[in-house]
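Examining the three-dimensional arrangement
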Amino acid sequence: ATLSKQTLSGLRSVFAPKQLAVNNTANLGALLPLNKQTFFSSVAALLGSPGQVNYSAANSVLDAMAAEATLSGCDTVSVQWGAWASAGMATNDASTSIRLQRMGMWMIEVTDGLEALQRAMASSSVSIVAAVPFKWKQFVKAARKPLPELFSEYALLDDSSMKTTGDVVGIA
């Protein structure tokens, strides 16, 4: 729902699974020291998602928790996943792929997603990464103007020189 139509129960239903997972991980970490944590977030935390303000916010909180854990000394990464081609919420809507392509993003194939996860988990230099198959020229063209500073360096990239699936982009 849009911001004006949010309800407390709607917010709770979206926040609860992510909060429960983080709480369980923290409780486990109190019993057994963790060397590495990996959270599954969504690119909605980075880009927003019309009509899904609660989902974007819940994933942003998850990303913030990953950054906090990293600052506390636990090697933690939150992966902001794009839409998957063969599983997940995006597969329930046939128009999702078309809408993403208009925005300059493609859906993640399983092998590319697993490769992106492996690279994200291997990195200890960032606590938040986006794993999204961007087509940068199309994304920049479709993005709101002025282009957010975060994406300014991508405006200069040539799509032919980049891998277009499973790219992992360090955010913080």
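Shown above is the structure to which this text applies.
All of the points below concern the structure found in this document. This one's a predicted model, so the numbers in the text were calculated from it and none came from an experiment. (Residues numbered from 1 in each chain as written. Predicted model: local features only at pLDDT ≥ 70, side-chain atom pairs only at ≥ 80, totals over all residues. Heavy atoms only, no water.)

Overview of the pairing of strand β3 (residues 128-131)
Test applied: Only protein chains enter the accessibility calculation, which uses a 1.4 Å probe; a residue is then buried when its area is under 20% of its type maximum, exposed when over 50%, and partly exposed in between. Where helices and strands are cited, they refer to DSSP runs of H or I of at least four residues and of E of at least two residues respectively, numbered from the N terminus. Paired strands, as defined in this entry, are two strands with at least two bridges between them according to DSSP.
With burial as the criterion, each face of β3 is covered, one bearing I128 and A130 and the other bearing V129 and A131. Pairing analysis gives 4 bridges linking strand β2 (residues 75-81) to β3, with the strands arranged parallel. Within the sheet, the bridge partner assigned to V79 lies in β3 and is V129.

As for the side chain of Q6
This is how the line gets drawn: Here a polar contact is taken to be a pair of N or O atoms separated by no more than 3.5 Å, where protein atoms must pair a possible hydrogen donor with a possible acceptor and residues adjacent in sequence count only if both atoms sit in side chains. What makes two residues a contact is simply this: any of their non-hydrogen atoms within 4.5 Å.
Residue position: Q6 is located in the segment before α1 (8-31). Within polar-contact distance, the side chain of Q6 engages the side chain of N54 at 3.4 Å. Other than its neighbours up to four places away in sequence, Q6 contacts A1, L11, V53 and N54.

A few points about the packing of aromatic side chains
Put simply, the test is: By convention, a stacked pair of Phe, Tyr or Trp rings (six-membered ring in the case of Trp) has centres within 6.5 Å and planes under 30 degrees apart, an edge-to-face pair has planes over 60 apart, and any other such pair is tilted.
Evaluation of the coordinates by the stated rule reveals 5 aromatic pairs. With a centroid separation of 5.1 Å and an interplanar angle of 55 degrees, the aromatic rings of W81 and W84 are classed as tilted. A relative accessible area of 8% means that W81 is categorised as buried. On the basis of an interplanar angle of 85 degrees and a centroid distance of 5.7 Å, the ring pair of W136 and F139 is categorised as edge-to-face. Residue W136 and its partner F139 are both found in helix α6 (residues 136-142); the two are separated by 3 residues, about one turn of the helix. Comparing W136 with F139, the two get one shared label, buried. Ring pairing ties together the aromatic residues F40, W81 and W84, which thus form one cluster.

As for the pattern of salt bridges
As a reminder of what qualifies: Salt bridge, as applied in this entry: a Lys or Arg side-chain nitrogen positioned within 4 Å of an Asp or Glu carboxyl oxygen.
Enumeration over the complete set of coordinates arrives at 2 salt bridges. Note that K36 and D75 form a salt bridge whose closest N and O atoms lie 3.3 Å from each other. Taken together, the positions of K36 in strand β1 (residues 36-42) and D75 in strand β2 put the pair 39 residues apart, joining distant regions of the chain. Between E115 and R119 there is a salt bridge, with the nearest N and O atoms lying 2.7 Å from each other. One end of the pair is E115 and the other is R119, both in helix α5 (residues 110-122) and 4 residues apart, which spans about a single turn. Judged by relative accessible area, which is 31%, E115 ranks as partly exposed. Here R119 falls in the partly exposed class, since its relative accessible area comes to 33%.

Overview of the packing of α1 against helix α3 (residues 53-71)
Using the following cut-off: Throughout, an axis means a line fitted to C-alpha atoms (over the contacting stretch in the case of helices), and angles, computed between N-to-C directions, take values from 0 to 180 degrees. Roughly parallel means an angle under 35 degrees; roughly antiparallel, over 145; roughly perpendicular, 65 to 115; everything else is oblique. When the near helix sits turned anticlockwise from the far one by under a right angle, the crossing is termed left-handed; a clockwise turn instead gives a right-handed crossing.
Packing of α1 against α3 brings their axes to within 9 Å, and their N-to-C directions diverge by 20 degrees. Viewed along their axes, α1 and α3 adopt a mutual orientation that is roughly parallel. As for the relative orientation of α1 and α3, their crossing is right-handed in sense. Here G10, L11, V14, F15, K18, Q19 and V22 of α1 come into contact with α3, specifically with N54, Y55, A57, A58, N59, V61, L62 and M65.

Notes on a nonpolar patch on the surface
Rules: Two joining distances apply to patches: 9 Å for like charges and 5 Å for nonpolar side chains (Val, Leu, Ile, Met, Phe, Trp, Tyr), and every residue must have over 30% relative accessible area and no salt bridge. In these tables, accessible area is a Shrake-Rupley quantity obtained with a 1.4 Å probe, and a residue counts as shielded only by the protein chains included in the view.
On the surface, L28, L31 and L32 cluster together to form a nonpolar patch covering roughly 330 Å² of accessible area. Along the polypeptide, L28 turns up in helix α1. Classification of L28 by relative accessible area gives partly exposed; the value is 42%.

So yeah, pure geometry; function would need other evidence.
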